Amino acid sequence: MQTLQFTIEINAPASKVWSVLWDDATYRKWTTAFCEGSYAVSNWNEGDSIHFLSPSGDGMYSKIDRKIDNKFISFNHIGNIKDYKEMPIDEETKNWSNSFENYELNEENGKTTVLVSIDSLEQYVSFFNSTMPKAMELVKNLSEN
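Predicted, not measured: the structure shown is a model, and the values here were computed from it.

Student: So what's going on with the overall build of the protein chain? Which residues, and what values?
Tutor: Assigned secondary structure in the protein chain consists of 4 helices and 8 strands. For the protein chain, the sequential pattern of α-helices and β-strands runs β-α-α-β-β-β-β-β-α-β-β-α. Along the longest, intermediate and shortest principal axes, the C-alpha atoms of the protein chain span 45 × 30 × 25 Å. Looking at the protein chain as a whole, 41% of its 145 residues qualify as buried. Contacts in the protein chain between residues at least 24 apart in sequence constitute 53% of all its contacts with a sequence separation of at least 6. Of the roughly 7700 Å² of accessible surface on the protein chain, 47% is carried by carbon and sulfur atoms. The protein chain carries 13 positive and 22 negative side-chain charges, and their two centres are separated by 4 Å.

Student: Please set out the pattern of salt bridges residue by residue, giving values where relevant.
Tutor: This structure, assessed with the given rule, holds 7 salt bridges. The residue Arg28 makes a salt bridge to Asp24 at a minimum N-O spacing of 3.0 Å. You can see Arg28 and its partner Asp24 sitting in helix H2 (residues 24-30), 4 residues apart, about one turn around the helix. What makes Arg28 partly exposed here is its relative accessible area of 36%. In this structure Asp24 comes out as partly exposed when scored by relative accessible area, which is 40%. Here Asp69 ties to Lys67 by a salt bridge, and the two come within 3.4 Å at their closest N and O atoms.

Student: How would you summarise the side chain of Thr112 if you had to cite specific residues and measurements?
Tutor: Relative to the helices and strands, Thr112 is located in strand E8 (residues 111-120). A polar side-chain atom of Thr112 sits 2.6 Å from the main-chain carbonyl oxygen of Ala12. For Thr112, the contacting residues outside a window of four places in its chain are Ile8, Glu9, Ile10, Ala12, Pro13, Ala14, Val17, Leu105, Asn106 and Glu107.

Student: Hey, could you go over the pairing of strand E7 (residues 99-108) for me, with residue numbers and the actual values?
Tutor: Bridge count between strand E5 (residues 72-82) and E7: 6 bridges; the pairing is antiparallel. Residue Asn76 lies in a different strand from E7, and its bridge partner there is Phe100. Bridge count between E7 and E8: 8 bridges; the pairing is antiparallel. Across the sheet, Glu101 pairs through a bridge with Ile118, a residue of E8. Two successive antiparallel strands, E7 and E8, enclose a turn made up of 2 residues, where Asn109 displays a positive phi of approximately 55 degrees.

Student: Go over the nonpolar core with me, naming the residues and quoting the values.
Tutor: Of all hydrophobic cores here, the largest spans 31 residues; its most connected members are Leu21, Trp22, Trp30, Phe75, Tyr103 and Met136. For this core, the secondary-structure elements that each account for two or more residues are strand E1 (2-10), helix H1 (14-22), H2, strand E3 (49-53), E5, E7, E8 and helix H4 (125-144). Other than its neighbours up to four places away in sequence, Phe75 contacts Trp22, Trp44, Ile50, Phe52, Lys63, Ile64, Ser99, Phe100, Glu101, Asn102 and Tyr103.

Definitions and cut-offs
Residues numbered from 1 in each chain as written. Predicted model: local features only at pLDDT ≥ 70, side-chain atom pairs only at ≥ 80, totals over all residues. Heavy atoms only, no water. Helix = DSSP H or I, 4+ residues; strand = E, 2+ residues; numbered from the N terminus. Buried < 20%, exposed > 50% of the residue type's maximum accessible area, 1.4 Å probe, protein only. Contact = heavy atoms within 4.5 Å. Areas by Shrake-Rupley, 256 points an atom, 1.4 Å probe, with all protein chains shown as cover. Lys, Arg positive; Asp, Glu negative; His and termini not counted. Charge placed at Lys NZ, Arg CZ, Asp CG, Glu CD. Salt bridge = Lys/Arg side-chain N within 4 Å of Asp/Glu carboxyl O. Polar contact = N/O pair within 3.5 Å; in protein donor to acceptor, adjacent residues only side chain to side chain. Pairing = 2+ DSSP bridges. Core = buried A, V, L, I, M, F, W, Y, C linked by side-chain atoms within 4.5 Å.

Laid out in C-alpha cells, this is it:
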C-alpha cells in the first residue's frame, strides 16, 4: 500500500470548497473524473457509513472516520458493493480494507489549499495519478465560479 498525495490551491474560502466537495450536486460533477455518474450515499456525519456508488450499483463502502467541517474529512474504506449490497470481505478486499482517503482544507487570505491523501494498491497508482488532478481541477473550477 502506497500513500499518494495531491495538492491544489483554490481561490475561494474553505466553506465554499467544502460545499463543492460534499454537496450532492457538485460531488456528482467533480467525481465524473473517476466514473461518469458516480455518487455517494451518507448522512455525512463522523462515524456514519458511506456508500460510494456507480450508476450500476457497484462501488465501495466506507466509514467517515473523522470530520471537522470546512477543514478535514477522513474515509476509512472497508469493502466492495455489488448491486447496491455490501459484500463480505474476501481475499482481494483484504488487500485494501482499512485504507484511508483524507481531504484537508487550509484557508489563508481567502484562498484554500486542498491536500488529498489516498492509500492505494500499486495497481491503482497510475489511475489516481491521472484522475485525481482532473478531479481537483473540477473542484477548483466549481469553487471559483
